[in-house]
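Here are the chains, one letter per residue:
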Amino acid sequence: MTAAQPRLNSTPAAESGYGQLFAILQRRYLWVLAAGAASVAIAFAYTLRQEPTYISGMQFLVEPNYQGKKGESEAFADAKVEVDFATQISLMQSSNLLKKAMALLQTEYPDLDPNDPGSVNGFRNGLTIGQVASKKVETKIFSITYTSNDPIKTQKVLKAVQKVYQDYNLQQQQDRLSRGLSFVDKQLPQAQSNVKEAEAAMEQFRQDQALIEPSAEAAAKTDMLNKLLSAQQETLVQIRELQTRYSDLQQKVNLSPQQAVSAARLNQSGRYQAVLNEIQKTELAIEQQRVRFKDNTLNMQPLLDQRQRQVKQLQLEASRLLGGGASASGEGLLSTGQLGGLDQTLITRFVEAQSDLRTAQARYLSLLNNEQQVRKDLERFPQLLARYERLKPDIESNRETLKQLLKAQQDLGLELARGGFAWQVVEEAQIGAKTGPDLQKNLMLGLVVGILLGGVAAVSREAIDDSVHSSDELKQQTSVPLLGAIPELSLGALAGKPALRLPGQSQTLLPPIAQLTKWKPFRESLDLLYQNLQLLNATAELHSIVITSTLAGEGKSTLAVGLAISAARLHQRVLLIDADLRRPNLHKLLNLPNEQGLSTLLVSQSPIPQQIEIQDANLRGNISVLTAGPTPADPAKLLSSQRMKEILATFEQTYDLVIVDAPPALGMVDAVLTASCCSGVLLVGRINQVTRPKLTQSIEMLNQLNLIGVVANGVSSPTVRETYYSNQD
């Protein structure tokens with residue numbers, strides 16, 4: 001009664017993702033609601049204490065003081081010329097211009113003192129300047145807004161700022177454009193001279209070296225060298241393979257190359273083979289005569305002389321075929337010329353391998369010579385390339401500089417010819433509109449912050465909670481299969497349901513087991529669990545199963561009854577045993593007497609009965625029940641006795657399935673002792689009750705026995721089967 005030992009997961013795999021986060025928030029929703037409500041209350045109180053704020057805005061069509069674009073003109077204009085919008089915005093927010101606007105407003109608003117740095121900073125903080133974008137494309141229109149607690153003040157401030165910006169723009173344009181054009185004019189002669197010198201140096205280099213593009217030719221030579229090196233590596237690999245093949249074939253034929261060629265010629269000669277055939281016939285006749293005569297008799301001498309003449313004829317034929325290379329004796333020619341088909345094939349391959357090896361070696365030497373030549377050609381290119389790379393950037397840089405200078409000269413000249421241009425007001429400043437406080441916005445922001453804080457608190461609480469919250473978490477604690485998931489008891493689903501009778505029982509079961517076994521999701525989940533056990537039974541005989549749990553109150557007794565009913569409904573003869581001798585519960589669930597039971601059977605000296613008589617006369621059918629009996633003084637001693645093993649072995653022969661309701665695995669040894677006598681152990685874990693450390697501890701106790709799987713009890717996730725039954729009922 002052994003089974004494969006489970007492999008424990010010391011740390012459950014981290015299950016990341018939105019699904020896990022949603023499950024945590026669903027379990028800890030009160031934390032999220034509390035944090036959200038508190039944050040909304042704080043946001044509401046904060047909003048009521050805020051002063052109202054007003055904002056007014058206007059829009060400027062802002063042309064830079066110099067109309068150049070980034071690139072050609074910017075690099076050569078006067079360093080003081082502002083040519084980009086970011087710089088323009090910074091200039092418009094400068095203290096110099098802001099002080100001028102504050103001076104215009106100081107009479108009406110004394111708090112705007114241009115000589116007070118704090119007042120200037122406060123004025124700058126209230127003023128916002130940004131570039132207007134249309135369809136993610138920045139325009140030349142600037143949006144200028146001012147925020148204050150006075151709606152009239154916001155409008156008047158923008159009017160003053162408008163006047164300061166327009167005056168400043170008209171004053172600066174002419175001077176800046178003139179300085180930029182003067183700078184460009186000074187740079188042009190030197191740029192033209194630099195271009196001519198660089199082009200002349202490049203032309204002289206190409207004439208001296210007879211090269212147009214040395215980098216391209218060097219690249220071609222380098223590519224050729226790489227190909228030669230690659231071909232050398234391939235040839236070396238081929239040579240090694242041929243050498244291995246040559247040595248292997250030489251060992252198999254056991255001949256030198258010259259001997260192999262000679263053997264091939266002799267075996268291909270028809271005349272030579274005919275003489276060999278005649279010798280074989282003569283040798284056959286000699287062997288036949290030797291049975292009756294000795295070699296020195298007259299009957300044997302003619303045959304021996306005939307063989308000698310044939311051997312000499314064979315030597316003459318070999319000399320004719322091989323020329324001066326026929327040095328073997330007549331007897332040696334007999335073995336050399338009589339080669340089988342496999343030997344001839346090996347000799348042919350041997351000769352071909354020798355030829356291929358010589359060809360590959362010759363090709364490798366040719367590649368080495370070509371490599372040396374290419375390397376010699378490449379030796380002169382580094383210096384040429386260095387000179388060429390120094391000359392080429394000079395030409396490109398000088399040409400680009402000249403091009404930019406000419407473009408900048410043209411742009412600056414056109415702007416000077418146009419005269420000045422004023423910044424246009426696209427939208428006038430209006431009386432400020434109220435912007436705050438925004439109660440709805442603050443409440444929404446408070447709600448979002450509260451939900452986030454509540455989520456963080458829920459996740460933090462979840463991190464220190466070691467309870468198993470789902471069947472997936474339960475499965476992650478061990479590698480043994482999750483054989484079943486029992487749904488959480490739904491009181492609404494059980495309301496008004498008639499009680500279920502056990503097969504053959506006239507009395508109804510007392511609540512809650514009666515109603516629970518009537519609940520179809522519960523029954524179907526137990527049927528599925530039993531079918532999974534049947535699949536395991538196909539590979540390992542499971543005649544008896546111990547059902548235990550990590551802690552008390554996880555539903556192991558109820559599951560044992562339900563599993564017995566499922567097996568009985570499928571025409572199995574089932575024996576249900578209550579092995580919890582300390583706190584028996586099975587007789588209470590089934591409303592059965594407990595005066596006699598397992599404890600009395602263990603201490604009895606009478607023979608073990610083949611069947612258990614049902615204690616209630618009205619309980620008949622495929623289910624037999626053996627209650628725990630009176631509580632003994634030493635339950636562990638009884639459960640570990642030889643009598644216990646004999647009892648279970650006897651019942652396994654009589655019943656199709658023996659289900660043993662054992663005590664919890666932790667805190668006592670009873671479950672381990674009972675499991676050692678049965679075919680398999682089924683561990684029940686109640687969701688949201690069993691903890692990961694205790695579950696791991698109980699699995700470690702059972703992993704040396706015969707743990708076949710785990711069952712998740714109290715799974716709260718809805719299933720399709722429940723929806724189906726709710727519609728059906």
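In this text, all values refer to a predicted model and were calculated from it rather than measured experimentally.

Novice: Go over the overall build of the protein, please, and point to the residues and values.
Specialist: The secondary structure content of the protein amounts to 26 helices and twelve strands. Looking at the protein as a whole, 40% of its 729 residues qualify as buried. The long-range fraction of contacts in the protein, counting pairs at least 24 apart against all pairs at least 6 apart in sequence, stands at 81%. Accessible area for the protein stands at about 39,300 Å²; split by element, carbon and sulfur atoms hold 53% of it.

Novice: Just give me the short version of the sheet that holds strand β11 (residues 680-686), but keep the residues and values in it.
Specialist: Taken in spatial order, the seven strands of this open sheet run β6-β12-β11-β7-β10-β8-β9, and their pairing is parallel. Either end of the sheet is taken by a strand with one partner, and the two such strands are β6 (482-487) and β9 (623-626). Put simply, the sheet's adjacent strands are angled 20° from each other on average, direction ignored. Of the strands in this sheet, β7 (544-549), β11 and β12 (707-715) are in contact with helix α25 (residues 692-702), which crosses β11 at around 175°.

Novice: Before we move on, could you go through the environment of Pro630 and cite the residues and values that matter?
Specialist: Among the secondary structure elements, Pro630 is positioned in the loop between β9 and α22 (635-639). For Pro630, a relative accessible area of 40% corresponds to the partly exposed category. Placed 31 residues apart in sequence, Pro630 and Ser599 show a C-alpha to C-alpha distance of 6.4 Å. Apart from residues no more than four positions distant in its own chain, Pro630 is found in contact with Asn594, Glu595, Ser599 and Thr600.

Novice: Explain the side chain of Asp578 to me, using residue names and the numbers behind them.
Specialist: Tracing the chain through its elements places Asp578 in strand β8 (residues 574-578). Although Asp578 lies buried, it forms no salt bridge, and the closest oppositely charged side chain, Lys556, sits 6.2 Å away as judged by the N-O distance. A polar contact is formed between the side chain of Asp578 and the backbone nitrogen of Asn585, at a distance of 3.2 Å. A polar contact is formed between the side chain of Asp578 and the backbone nitrogen of Leu586, at a distance of 3.1 Å.

Novice: Run through the nonpolar core, naming residues and quoting values.
Specialist: If you look at soluble globular proteins, the nonpolar side chains tend to sit buried side by side. In this structure, Ile577 and Phe651 are the most contacted members of the largest nonpolar core, which totals 42 residues. With residues near it in sequence (within four places) discarded, Ile577 still touches Leu586, Leu598, Leu626, Leu648, Phe651, Val658, Ile659, Val660 and Asp661. Membership of the second largest hydrophobic core comes to 33 residues, among which are Leu483, Val574, Leu576 and Leu590.

Novice: Could you give me a rundown of the packing of helix α4 (residues 95-105) against helix α5 (residues 117-126), with the residues and numbers involved?
Specialist: Axis separation between α4 and α5 bottoms out at 10 Å; the angle between their running directions is 95°. By the angle between their directions, the pair α4 and α5 is classed as roughly perpendicular. Taken together, the residues of α5 that come into contact with α4 (itself represented by Ser95, Leu98, Lys99, Met102 and Leu105) are Ser119, Val120, Phe123 and Arg124. Looking at the contact of α4 with α5, its residues break down into five nonpolar, two polar and two charged.

Novice: Let's hear about the packing of aromatic side chains: which residues, and what values?
Specialist: In the structure shown here, the tally under the stated rule is three aromatic pairs. Ring centres of Phe123 and Tyr146 lie 5.5 Å apart, and the angle between their planes is 40°; this geometry places the pair in the tilted category. Residue Phe123 is located in helix α5, and its partner Tyr146 is located in strand β3 (residues 137-148); the two are separated by 23 residues in the primary sequence. The exposure class of Phe123 is buried, given its relative accessible area of 1%. Seen in terms of ring centroids, Phe651 and Tyr655 are 6.3 Å apart; in terms of plane orientation they differ by 75°. Their pairing is edge-to-face. Here Phe651 and Tyr655 have matching classes, each one buried.

Novice: Help me get a handle on unusual backbone geometry, residues and values and all.
Specialist: Excluding glycine, a negative phi dihedral is what most residues carry, and trans is how most peptide bonds are arranged. Although it is not a glycine, His571 adopts a positive phi angle of roughly 65°. Looking at the element boundaries, His571 is found in the loop between α19 (556-569) and β8. On the basis of relative accessible area, His571 is assigned to the exposed category, the value being 66%.

Novice: So what's going on with the pattern of salt bridges? Residues and values would help.
Specialist: Using the criterion set out here, one finds nine salt bridges in the structure. In this structure, the salt-bridge partner of Lys227 is Asp223, at a minimum N-O distance of 3.4 Å. Of the two residues, Lys227 and Asp223 are both situated in helix α7 (residues 214-253); the distance of four residues between them amounts to about one turn of the helix. In this structure Lys227 comes out as exposed when scored by relative accessible area, which is 55%. For Asp223, a relative accessible area of 38% translates into the label partly exposed. Note that Asp527 is salt-bridged to Arg569, the shortest N-O span being 2.7 Å. Pair noted here: Asp527 is in helix α18 (residues 520-537) and Arg569 is in helix α19, with a separation of 42 residues, a long-range link. Looking at Arg569, the relative accessible area reads 35%, which means it is partly exposed.

Novice: Lay out the pairing of β7 in plain terms, naming residues and giving numbers.
Specialist: Of all six residues in β7, six are buried; the element is thus mostly enclosed. Of the two faces of β7, the one lined by Ser544, Val546 and Thr548 and the one lined by Ile545, Ile547 and Ser549 are each fully buried. Sheet topology note: the β7/β11 ladder contains five bridges and is parallel. Within the sheet, the bridge partner assigned to Val546 lies in β11 and is Val681.

Novice: Break down α4 for me, with residues and values.
Specialist: Taken as a whole, α4 has its buried residues at Leu97, Leu98, Ala101, Met102 and Leu105. With its buried residues spanning 140° around the axis, α4 presents them on a single face.

Novice: Residues and numbers for α18, please.
Specialist: Look at α18: 25 Å from first C-alpha to last across 18 residues, which is about the 26 Å you get at 1.5 Å a residue. Pro521, Phe522, Ser525, Leu526, Asp527, Leu529, Tyr530, Leu533 and Asn537 are the residues of α18 that are buried.

Novice: Can you lay out the packing of α18 against α19 for me, pointing to particular residues and giving the numbers?
Specialist: Think of two packed helices as two axes; the pair is described by the angle between the axes and how far apart they sit. Where α18 contacts α19, the two axes come as close as 9 Å, and the packing angle between them is 75°. One finds that α18 runs roughly perpendicular with respect to α19. Taking contact as the criterion, the partners of Phe522, Arg523, Leu526, Asp527, Leu529, Tyr530 and Leu533 in α18 are, on α19, Thr558, Leu559, Gly562, Leu563, Ser566, Ala567 and Arg569. Grouping the amino acids of the contact of α18 with α19 by side-chain chemistry returns eight nonpolar, three polar and three charged.

Novice: Describe the state of the cysteines, and please don't skip the residues or the numbers.
Specialist: Among covalent bonds in proteins, the disulfide is the one between the sulfur atoms of two cysteines. With the rule as written, the count across this model stands at zero disulfides. Counting only cysteine sulfurs, Cys678 is the nearest neighbor of Cys677, a cysteine outside any disulfide, at a range of 6.3 Å. Residue Cys677 is classed as buried on the basis of its relative accessible area of 2%. The exposure class of Cys678 is buried, given its relative accessible area of 0%.

Rules behind the numbers
- Residues numbered from 1 in each chain as written.
- Predicted model: local features only at pLDDT ≥ 70, side-chain atom pairs only at ≥ 80, totals over all residues.
- Heavy atoms only, no water.
- Helix = DSSP H or I, 4+ residues; strand = E, 2+ residues; numbered from the N terminus.
- Buried < 20%, exposed > 50% of the residue type's maximum accessible area, 1.4 Å probe, protein only.
- Contact = heavy atoms within 4.5 Å.
- Areas by Shrake-Rupley, 256 points an atom, 1.4 Å probe, with all protein chains shown as cover.
- Pairing = 2+ DSSP bridges.
- Axes fitted to C-alpha atoms, helices over the stretch in contact; angles between N-to-C directions.
- Lys, Arg positive; Asp, Glu negative; His and termini not counted.
- Salt bridge = Lys/Arg side-chain N within 4 Å of Asp/Glu carboxyl O.
- Polar contact = N/O pair within 3.5 Å; in protein donor to acceptor, adjacent residues only side chain to side chain.
- Core = buried A, V, L, I, M, F, W, Y, C linked by side-chain atoms within 4.5 Å.
- Parallel < 35°, antiparallel > 145°, perpendicular 65-115°, else oblique.
- Nonpolar A, V, L, I, M, F, W, Y, C, P; charged D, E, K, R; others polar.
- Phe/Tyr/Trp six-rings, centres within 6.5 Å; stacked < 30°, edge-to-face > 60°.
- Arc of directions from axis to C-beta.
- Expected span 1.5 Å × (residues − 1).
- Disulfide = S-S within 2.5 Å.

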